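What the coordinates show
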Amino acid sequence: MKEIQRKSHTLSQIQCSAVIDKYIEYDPVVISLDILLLNRKALRHVLFNSNIKGYWKYIILLLMFDAFVKLTLQRAKGEITPVNPTYIIYSATEWDFYKNCLLASVELSSVVFVISLLVLVFSQIHVPAISSKEDPSLLNWKDIVRALILSNFGKTLVILVVLCGTQNSDTFIQLIKAYICAANVQALRVCLPSWNSAIVIALTVTGHLSSACVTRYIQIYLFGS
């Protein structure tokens, strides 16, 4: 009987030594704080072990935050003329807000597209001591796209520009963009654990620079400045 108990205890120790997600037992507030600190384990928990639904709501929220901040800064700099608030349908005639929603959607989609495209290209290239050649069919593109979208949560922090005033807003926005880029890097490292960090950083920075060029071109087309 003691021998059976000893074997059972040994078996339980072997089973308990398996890797588990510690964030399953953590409070959502703690998880949120760790995500803000760009903790990869917390990001992995949200990406793979959280049953998140309604991604389209999250995307709409990001776009509206981004568009509202862009609109506020354009008004503060005198780049656009505000709509007369005496109009009956004041909110509905705020066309510049809709234009900024389009601009924000182009910015987000171009970042996700360019980085995903670069990952596809590099997944077929073998560079010694940098990254191993991987079959593109083995990569979970749904997870990669989802990780890139979710890691743009930093866009919600830009609303602090409006709350704290538009003074020094350009510097603050550049810092937020750098934070979003770092979050994208961490999210990609979660999805591509075998990839070298230097490659992931280079792909992410290239994606953001390409997105900035495309966004700037669309901005000139929409607003003429």
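Residues numbered from 1 in each chain as written. Predicted model: local features only at pLDDT ≥ 70, side-chain atom pairs only at ≥ 80, totals over all residues. Heavy atoms only, no water.

With respect to the overall build of the chain
Check the secondary structure of the chain and you find nine helices and zero strands. Out of the 225 residues belonging to the chain, those deemed buried represent 39%. Once local pairs closer than 6 in sequence are excluded, the contacts in the chain between residues at least 24 apart make up 70%. Of the roughly 13,800 Å² of accessible surface on the chain, 65% is carried by carbon and sulfur atoms. (Helix = DSSP H or I, 4+ residues; strand = E, 2+ residues; numbered from the N terminus. Buried < 20%, exposed > 50% of the residue type's maximum accessible area, 1.4 Å probe, protein only. Contact = heavy atoms within 4.5 Å. Areas by Shrake-Rupley, 256 points an atom, 1.4 Å probe, with all protein chains shown as cover.)

Regarding a positive patch on the surface
Where like charges cluster on the molecular surface, the positive patch consists of Lys-22, Arg-40, Lys-41 and Arg-44. Mapped onto the elements, Lys-22 comes out in the loop between helix H1 (2-16) and helix H2 (28-36). The exposure class assigned to Lys-22 is partly exposed, which follows from its relative accessible area of 39%. (Patch = residues over 30% accessible without salt bridge, like charges linked within 9 Å, V, L, I, M, F, W, Y side chains within 5 Å. Salt bridge = Lys/Arg side-chain N within 4 Å of Asp/Glu carboxyl O. Lys, Arg positive; Asp, Glu negative; His and termini not counted. Charge placed at Lys NZ, Arg CZ, Asp CG, Glu CD.)

Overview of the layout of surface pockets
Where empty space is left in the structure can be found by rolling a water-sized probe over the atoms. Computed from the structure, the largest pocket encloses a volume of approximately 780 Å³. In terms of residue class, the lining of the largest pocket is made up of 14 nonpolar, seven polar and nine charged. Its volume calculated, the second largest pocket comes out at about 310 Å³. In this structure, the second largest pocket is lined by 15 residues; those nearest its centre are Ile-31, Ser-32, Ile-35, Val-46 and Phe-153. Elements supplying a minimum of two residues to the lining of the second largest pocket: H2, helix H3 (40-48) and helix H6 (141-150). When grouped by side-chain class, the residues that make up the lining of the second largest pocket number 12 nonpolar, three polar and no charged. (1 Å grid on protein atoms, 1.4 Å probe; cavity = no way out; pocket = protein on both sides within 12 Å on 5 of 7 lines; lining within 4 Å. Points joined across faces, edges and corners; volume = space filled by probe spheres on them. Nonpolar A, V, L, I, M, F, W, Y, C, P; charged D, E, K, R; others polar.)

Describing the pattern of salt bridges
Scanning the entire structure with this criterion turns up five salt bridges. Among the ionic pairs, Lys-155 bridges to Glu-107, the shortest N-O distance being 4.0 Å. Of the two residues, Lys-155 sits in the loop between H6 and helix H7 (159-164) while Glu-107 sits in helix H5 (residues 95-122), which places them 48 residues apart along the sequence. Summarising the burial analysis for this pair, Lys-155 and Glu-107 share the class buried.

Remarks on the UniProt feature "transmembrane region" (unreviewed entry) in the chain
The feature "transmembrane region" (unreviewed entry), as given by UniProt, occupies residues 102-123 and 144-163 in the numbering adopted here. The distance from the first to the last C-alpha atom of residues 102-123 is 31 Å, and the span holds 95% helix and 0% strand. Secondary structure across residues 144-163 comprises 60% helix and 0% strand; the distance between its end C-alpha atoms is 33 Å. (UniProt positions renumbered as here; feature names shortened; annotations may be inferred.)

As for the nonpolar core
By size, the foremost hydrophobic cluster in this structure holds 34 residues, and its most contacted members are Ile-35, Val-119, Ile-144, Leu-188, Leu-192 and Trp-195. Secondary structure elements with two or more residues in this core: H2, H3, H5, H6, helix H8 (169-191) and helix H9 (197-223). Element by element, the count of residues in this core is highest for H8, at seven residues. Filtering out sequence-adjacent residues up to four positions away, Val-119 remains in contact with Leu-139, Trp-141, Ile-144, Leu-192, Trp-195 and Leu-203. Leu-73, Val-158, Ile-159 and Ile-173 belong to the second-largest nonpolar core, a separate cluster that totals eight residues. (Core = buried A, V, L, I, M, F, W, Y, C linked by side-chain atoms within 4.5 Å.)

Points about the packing of aromatic side chains
Summed over all chains, the structure comprises four aromatic pairs. Members of the aromatic cluster, each reached through a chain of ring pairs, are Trp-95, Phe-97 and Tyr-98. (Phe/Tyr/Trp six-rings, centres within 6.5 Å; stacked < 30°, edge-to-face > 60°.)

With respect to the packing of helix H4 (residues 55-76) against H5
With their axes 8 Å apart at the nearest point, H4 and H5 run at an angle of 125 degrees to one another. Comparing the axis directions of H4 and H5 gives the class oblique. Seen along the crossing, H4 lies across H5 with a hand that is right-handed. Across the interface between the two elements, Ile-59, Leu-63, Met-64, Asp-66, Ala-67, Phe-68, Lys-70, Leu-71 and Gln-74 of H4 pack against Asp-96, Phe-97, Asn-100, Cys-101, Leu-103, Ala-104, Ser-105, Glu-107 and Leu-108 of H5. (Axes fitted to C-alpha atoms, helices over the stretch in contact; angles between N-to-C directions. Parallel < 35°, antiparallel > 145°, perpendicular 65-115°, else oblique. Left-handed = near helix turned anticlockwise from the far one by under 90°.)

Thoughts on the environment of Leu-108
Position of Leu-108 among the secondary structure elements: in helix H5. For the pair formed by Leu-108 and Asp-66, sequence separation is 42 residues and the distance between their alpha carbons is 9.9 Å. Setting aside its immediate chain neighbours within four residues, Leu-108 contacts Ile-59, Leu-63, Asn-152 and Lys-155.

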